[in-house]
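# Observations on chain architecture
The primary structure of each chain is shown beneath.
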Amino acid sequence: MSGLKRVGLTIDGLKVQAAEGTSILKAAEQAGVVIPHFCYHPALEIEGNCRMCVVEIEGLPKLEPSCSALVREGLVVRTSTERVREARKDVLAFLLAEHPLDCPICDKAGECRLQDYYDRHGLTASRMVEPRERREKKLAIGRGLILDRERCVLCTRCVRFLRQMPGTGELGVFERGLRSEVGIFEDAPVDNGYSGNLVDICPVGAITAEDFRFKTRAWFLARKPSVCPHCGRGCAVTVESVSGYPLAKGERRVYRITARENPAVNGFWICDLGRDGRRDIDEGRHARLMKAGVPVAGLSWQTALADVAAAIRTVPGPERSAGIAVVLNGRLTCEELALAKRLFVAGLGLSKVYFADRKPGSADGLLLTAERLPNGRGVLEAGFAPRLPALDEIAAADVLLVFGPYLSEHLAEEALAKAWAGIPSKFLFSAHEGPLDRLADIVFPVAVPAEKSGTYINVDGTRQTFAQAVKPAAGVAAESAILAGLANLLALDAGGGDAR
Amino acid sequence: MSENGVRLLPLDDDSWRLEAYLRRGGYEAARKALTSMAPKDVVAEVCQAVIRGRGGAGFPAGMKWSFVPQGGAGPRYLCVNADEGEPGTFKDRLVLRRAPHALLEGMVITAFAVGIRTAFIYVRGEYALVSGRLEEAVAEARSAGYLGPRVLGTDFGLDVIVHHGAGAYICGEETALLESLEGRRGQPRVKPPFPASVGLFRSPTVINNVETLAAIPQILAHGAGWFLGRGVAKDGGTRLFGVSGAVRRPGIYELAVGTPLRQVIEVHAGGPPEGRSIKAVVPGGLSAPVLKADEIDVPMDFDSLARSGSMLGSAGIIVIPDGTPMLDVLHVTARFYAHESCGKCTPCRIGTSWILKAVRRLRRSGGSPADLDLILRLAEGIRGRTLCPFGDGAAMPIRAIVTKFRDELERAVAR
Amino acid sequence: MSYAPSPAALEKIEGTIALYPEKPAALLPVLHIIQGESGFISAAAEAWAAAKLGLRPVRVREVLSFYTMFRRAPAGRTTLQVCRNLSCALAGADDILGLIREKLGIGPGETTSDGAVTLVTAECLGHCDHAPCLQVDGVDHGPVTRETVAALIEELKAHV
């Protein structure tokens, strides 16, 4: 873009500079002038069908759609004249005339463009006395998506997205005129790894997710930015949750994960695996300290950590290198990895520091990488040479500290159990329940990435720092706190001092 | 039209045959262009003749050609718009049936002028049988060397493919036509880019109406001055005026551009049948705002009709006789646009149907003058607010009927 | 559910596809050929055409459902298309349509129970100087009168 000539124009009296080839809508946005729109999406081909974004351009007789009209030197654009406001009102009146107005039961309510724009640009009384068209309201179109054709405004964002982004093109527009409707061909449903984005980009409540329908209201949700931990891409996400944790049985904390714009990493999209990561935050979680697989009443973190420190101390300095094994993972943040490095390598002088992560899957050529850990580059940057431990390398240890439940993905459970049985002290630090739980002396419930702040470095080397998006449960701690606590108990300088 | 002896539409029965066309001097204009003129001189000649698009928009054809970028290695295309569907319009049908070689010769000249080697004729689906002669003419012309790799023995080649639509008025809009020709829903494209630079298969494309192209040979044969002299200052040539509705002799009349509407109706088409009188006239296809009986002393050229608040459009004249309830005319009009809206733009998709619903209600159960205001308001919500001219084409005739016949409509709905 | 065109239709389809610089452009003509042979275009035929042109079936459905001349279900042996736009309306198209409905006992979009006739209405058929007009399997008739229409319908009913 920087190579393009820049042109000067006036938008609502503001002098604006924009690169040649920029749409008026975008140029206005860059200047802080927001032009309402339904069909326009910065990542999708221009369709110009909703007619909501029309503006007045001096010298032109008609209102022009600002999504398709490009900036030109000296253009004088007005975005909120009487004529423009009338046109917007008319578009809203038309859309609402054929809209079911079922906002009270619509999952999009509260974040619906039609609703928002009506408040801001419409506010006219309905003139429609004729009955509106009746259409299919609950059409399953695949991947847990439900299409409500009465709510659809035919912006075709969904159709264009599927053709352009995953390139699968499952949706089309059938019929014509007022009978036009979005649909799938026969029994060929939407079936690709990016389907959830359809819910994000639908400007109204026409495409909703079974996973979210009727579960809560948009306005009850706190939206916090985070970075997706489910592959090496590190897509920007928004974690949408309710406060009030812990929840009653059956209630949810994180209701959904949505895509957050980040041009450097994921554009506007996330994959379904990442979106489904909401389960990773709330489901199958450890919430309490456990011994031998069962919660122990009255066991405090302090005591439990002291047990770990004590176990470590039982191994004499010269034998630590061979006698203590640690298994880390690539879900740890750069900050945590640095702490681990100082504690285990510099501080305790361990040589048996291994890594176990989720098994690689296949890359989809879009966002999803083969690597299913978020901070592989961070692991390298921290100076680790990550490798899986062999069974006998673990078995030979006197003390074993395992971070994450992933070891069981790589080693046969029975063999693992046998090997573990011979280790005098073994501790598991895991966010999720798993086969290792019953093998560990103590299981420490740790935080998931959304509950932490820190930095990840993605497969392309992009460094992303994120803040805590949801608070962990009372009994859950981040690995950073655990590592710092251990260092403290072992009287090791968390800042990287020597072992005493 | 017999003056000067030149007619686009010949009257003899075998006129559509190559032999008959050659007898009338057919393909001589193409020969002249291909063997003695440079392409840019052909464009200049056609520009000078001011032949305005006969499909309805009235854009000067020569100027349209001149928008095609010079040079460039890729293909360019000619699309013939034979998607005649504007209600009250049936002129292209006659050209296809009676003078297909005039169209083909016009295409040869146009293609030569613009550097095109492939042309498509997009014929509306309902004309599948009508276009039988066209397809025969293409075959005849190809085997006689008027089309094909070496047109008239020159290095210039032109392939012509006849393509059939499948029932969609909107495909007469040029970018919808391109979409349809590429095998998609006939929905207009966002402009710019204009077809002259990015058209069919993303290549520079000229799109002209059948009648426009069929008249091109006359310009080359007789000169721009002669052609322009047959029309009016900024609108040259003759037009095929189609007259239907309440006249004694409905049909196509080839007359000079600028011939008064009243004269076309009363002299050429014989006026209303015995005992009937004219109540209103739609002068240029259904999209042209209706004229009242006292408004028909207007010359039939683009600018004059625009000044009278209507448009020449496709020059399809529909004569509405006395006694016709204008509520019925409003209904037919509203129904047409609701049926043919492609559904792409919000105002047109919903607005045309809303208008139809409102009109239906008025017909069913009466109503009040306020309902007429609603219809006007809805039409205003469509006018100038859509991607393509269909929106205006729907809004303007609706508005004209309601405003010009308001009293009658109020009485009708209040009954 | 499967579809395959006859060898003759297949040859025609392949010849048609060869005319166009890009395969998908042949979609409308190909659908015309399929409908010409089968009387309608089944879902299986849509999928077949899609594969033939390198398209997704949903793209064929989009097109098929946009254009009024394509049918997704079998029609009667004869299709009667009655024009009712302004020129024909002024010439009594509504009356003609009423007569046809009465004689056939069906409305627009319907097929007689014996499978003889499918009735559809049309916006302008471009035969306005012959109003009121109609098309019988694509062949123009007009101007028609109550008498000629009544005779036509008797003929169509008898046609097996």
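Our subject is the structure that appears above.
Counting restarts for each chain, with residues numbered from 1 along the sequence as it is written. Lettering for chains starts from A, numbering for ligands starts from 1, and both go in the order in which the items are written. Per-residue local features are limited, in this predicted model, to residues with pLDDT of at least 70; the limit for side-chain atom pairs, both in listing and counting, is 80 or more; totals at the level of whole chains, interfaces and linings are taken over all residues. As a rule here, side-chain values cover all heavy atoms of the structure and leave hydrogens and water aside.

Right, let's talk about helix α6 (residues 93–104) of chain C for a bit. All names here are of chain C. Between its terminal C-alpha atoms α6 stretches 16 Å, which fits the 16 Å expected from twelve residues at 1.5 Å a residue. Considered for burial, the residues of α6 that qualify are A93, I96, L97, L99, I100 and L104. One side of α6 holds all its buried residues, which, seen down the axis, span an arc of 160°. By definition in these notes, contact holds between two residues if any of their heavy atoms fall within 4.5 Å. By the criteria applied, helices consist of DSSP H or I runs no shorter than four residues and strands consist of E runs no shorter than two, each listed in order from the N terminus. Elements in contact with the buried residues of α6: β1 (78–83), α5 (86–90), β3 (117–122), β4 (134–136) and α7 (146–158). Once α6 finishes, G105 follows within two positions and takes phi at roughly 70°, a positive value. By this rule, a helix spans an expected 1.5 Å times one less than how many residues it contains. Note on exposure labels: buried denotes an accessible area under 20% of the residue type's maximum, exposed denotes more than 50%, and partly exposed covers the range between, all computed with a 1.4 Å probe on protein chains only. The arc under discussion is defined with respect to the helix axis, by the directions toward the C-beta atoms.

Across the contact, 14 residues belong to chain C and 16 residues belong to chain A. Buried area is understood as the total, over both parts, of accessible area removed when two parts are fitted together, assessed with a 1.4 Å probe. Both faces combined, the contact of chain C with chain A buries some 1200 Å², and carbon together with sulfur accounts for 53% of it. A pairing counts as a salt bridge when a side-chain nitrogen of Lys or Arg comes within 4 Å of a carboxyl oxygen of Asp or Glu. Put simply, chain C and chain A have two salt bridges between them. A salt bridge links R61 of chain C to E186 of chain A, with the shortest nitrogen-to-oxygen separation between them at 2.7 Å. Throughout this description, a polar contact denotes any pair of N or O atoms lying within 3.5 Å of each other; where both atoms belong to protein, one of them has to be capable of donating a hydrogen while the other can accept it, and for residues adjacent in sequence the pair is counted only when both atoms sit in side chains. Our count for the contact surface shared by chain C and chain A stands at seven residue pairs in polar contact (both at pLDDT 80 or more). Taken together, the elements giving at least two residues each to the side of chain C that touches chain A come down to α3 (43–53) and α4 (57–66) of chain C. A total of seven residues in the side of chain C that touches chain A trace back to one element, the largest contributor, which is α4 of chain C. Gly is put with the polar residues, along with every residue not named as nonpolar or charged; the nonpolar set is Ala, Val, Leu, Ile, Met, Phe, Trp, Tyr, Cys and Pro, and the charged set is Asp, Glu, Lys and Arg. Grouping the amino acids of the side of chain C that touches chain A by side-chain chemistry returns six nonpolar, two polar and six charged.

So, about the nonpolar core. We call a set of buried Ala, Val, Leu, Ile, Met, Phe, Trp, Tyr and Cys residues a nonpolar core when their side-chain atoms join them within 4.5 Å. Ranked by size, the top nonpolar core spans 192 residues in total, and within it L171, L198, I207, L328, F344 and L401 of chain A together with Y67 of chain C carry the most contacts. Sort the elements by how many residues they give to this core and helix α13 (residues 326–340) of chain B lands first, with nine residues. Not counting residues up to four positions away in its chain, the partners in contact with L198 of chain A are L145, C158, F161, L162, L171, V190 and I207 of chain A. Core analysis: the second largest hydrophobic core is formed by 69 residues, L103, A111, V138 and L152 of chain B among them.

Residues and elements named next belong to chain A. With six of its six residues buried, strand β19 (residues 425–430) lies for the most part within the structure. Where burial is concerned, the two faces of β19 agree: the one with S425, F427 and F429 and the one with K426, L428 and S430 are both buried. As paired elements, strand β18 (residues 399–403) and β19 share five bridges and run parallel to each other. Each residue of the ladder has a partner; that of L401, found in β19, is F427. Two strands make a pair as long as DSSP finds a minimum of two bridges between them.

This next bit is on the sheet that holds strand β5 (residues 139–141) of chain C. Consider a sheet: its strands pair through backbone hydrogen bonds, and that pairing is either parallel or antiparallel. Residues and elements named next belong to chain C. Read across the open sheet, the five strands follow the order β2-β3-β1-β4-β5; overall the sheet is mixed. On the outer flanks of this sheet lie β2 (110–111) and β5, each paired with one strand and no other. Inspection of the sheet shows β1 paired to β3 by six bridges, in the parallel sense. Residue pairing across strands places Q81 opposite V120, the latter belonging to β3.

Bear in mind that shape data such as this cannot, by itself, settle questions of function.
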